[in-house]
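Residues per chain, in single letters:
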Amino acid sequence: MARTLVGVVTSLWRYPVKSMLGEQLETVEVIPTGILGDRSFALWDRETSRIASAKNPKKWAKLLGFHAELGEMTAQNSQEAMARVTITLPDGSSATSDDRDIDSILSQAVGRDVKLLSVVPESPSLDQYWPDIEGALNRETITQLFMPSGTFFDSCPIHAITTATLDKLQTLYPEGKFNPCRFRPNILIEPPSSEPAFVEDDWVGGKLLIGDRVCLSIDTACPRCVVTTLAQGDLPNDLNILRTTTKQNKTIAGIRMSVIQTGTIRCGDSIWLE
């Protein structure tokens, strides 16, 4: 089957705790369920029995002020590293998942009674808020999103977006800050300079071959949500980020993928479309 060079890996991310800020890495290990350590933990809201997600910012926007790290992971220490995540709170203090009072610390910080989970509950779900944006599937409402069984992912386990798409959105709305962090990709792809914006839309249904071994199935395009508009780090709240994406590409920016062949991905790796 013909292969086409579509870009290189320009940066890699892992998010150990769902909806918290994560780690930018030089290398990641791809396992059958996604990137090793990605979304290994989540907060469980005891009142609603839902997974805490910044998709419902009226309750959980604070999560984007937390930073979660697993640190360096190798084949030899992966099980030990996976069992312990370090969380830096918005006030600069830190705690680890094996602290005896971790649930109390996190509950006080987020203002709700939560439990840090590493085991996925049966039929996990979360609340998703849809802002009032023309052209969106829903407007000014909250819906329940059921997550894939056995995972803390919203949908497919690996997300990628191209620099071409982000650059185009920036051109369309120059006052905005289309930092990759807003879109929470695992893989940022830099395509050849001649490629058009939203080029990854045309890859859906194909496969990405990355580096020496990794093969990913491109399952769907990635519809964006309110998380792209929320303040994090030095990025402000900006609903026009999502308005621009919705108006220009029907809310789509990026692709969602699952794993065909495991292996290692490194920054600088070539990416081929098959």
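Criteria and thresholds
Residues numbered from 1 in each chain as written. Predicted model: local features only at pLDDT ≥ 70, side-chain atom pairs only at ≥ 80, totals over all residues. Heavy atoms only, no water. Helix = DSSP H or I, 4+ residues; strand = E, 2+ residues; numbered from the N terminus. Rg over C-alpha atoms; globule rule 2.2 N^0.38 Å. Buried < 20%, exposed > 50% of the residue type's maximum accessible area, 1.4 Å probe, protein only. Contact = heavy atoms within 4.5 Å. Areas by Shrake-Rupley, 256 points an atom, 1.4 Å probe, with all protein chains shown as cover. Lys, Arg positive; Asp, Glu negative; His and termini not counted. Charge placed at Lys NZ, Arg CZ, Asp CG, Glu CD. Arc of directions from axis to C-beta. Pairing = 2+ DSSP bridges. Axes fitted to C-alpha atoms, helices over the stretch in contact; angles between N-to-C directions. Core = buried A, V, L, I, M, F, W, Y, C linked by side-chain atoms within 4.5 Å.

Peer 1: Quick rundown of the overall build of the protein? Include the residues and the values.
Peer 2: Per the secondary structure count, the protein includes six helices and 19 strands. For 274 residues, the compact-globule estimate of 2.2 N^0.38 gives 19 Å, and the C-alpha radius of gyration of the protein, at 18 Å, lies within 12% of that figure. If you line up the protein on its principal axes, its C-alpha atoms span 55 × 50 × 35 Å. Here the protein holds 274 residues, and 52% of them are scored as buried. Counting contacts in the protein only where the partners sit at least 6 residues apart, residues at least 24 apart contribute 71% of the total. Entry remark: accessible area of the protein is about 12800 Å², with carbon and sulfur atoms responsible for 47%. In the protein, which carries 27 positive and 34 negative side-chain charges, the distance between the mean positions of the two groups comes to 5 Å.

Peer 1: Help me get a handle on helix α3 (residues 102-110), residues and values and all.
Peer 2: Three or more residues of α3 are buried, namely I102, D103, L106, S107 and V110. Seen from one end, α3 has its buried residues packed into an arc of 125 degrees, which puts them on one side. With its phi angle positive at about 80 degrees, G111 sits one or two positions after the end of α3.

Peer 1: Lay out the sheet that holds strand β7 (residues 67-69) with the relevant residues and their values.
Peer 2: Read across the open sheet, the three strands follow the order β7-β8-β9; overall the sheet is antiparallel. Two strands close off the open sheet at either side, each with one partner strand: β7 and β9 (94-96). For this sheet the average axis-to-axis angle between neighbouring strands, irrespective of direction, equals 20 degrees.

Peer 1: Describe the nonpolar core, with residues and values.
Peer 2: Ranked by internal contacts, the top residues of the largest apolar core, which has 24 residues, are I187, W203, L208, I210, L216, M257 and I265. Put simply, the parts of the chain that give this core at least two residues each are β1 (4-14), β3 (27-31), β13 (158-162), β14 (187-190), β15 (207-210), β16 (214-223), β17 (252-261) and β19 (270-273). Those residues within four positions of I265 in sequence are excluded, and the remaining contacts are V9, L12, E26, T27, V28, V30, I187, I210 and V214. Listed in part, the 19 residues of the second largest apolar core include I87, L89, I102 and V110.

Peer 1: Give a description of unusual backbone geometry that names residues and reports values.
Peer 2: If you check the backbone angles, K250 has positive phi at about 55 degrees while not being a glycine. As for its position among the elements, K250 is in the loop between α6 (240-249) and β17. In this structure K250 comes out as exposed when scored by relative accessible area, which is 73%. The phi angle at T251 is positive, at roughly 75 degrees, despite the residue not being glycine. Relative to the helices and strands, T251 is located in the loop between α6 and β17. Since its relative accessible area comes to 13%, T251 is described here as buried.

Peer 1: Could you give me a rundown of the sheet that holds β3, with the residues and numbers involved?
Peer 2: The strand order across the open sheet built from three strands is β4-β3-β18, with neighbouring strands paired in antiparallel fashion. The sheet is open, and its two borders are formed by β4 (34-35) and β18 (263-266), each paired with just one other strand. Here β3 pairs with β4 via two bridges, running antiparallel. Counted as the bridge partner of V30 is I35 from β4.

Geometric values such as these leave the question of function open.
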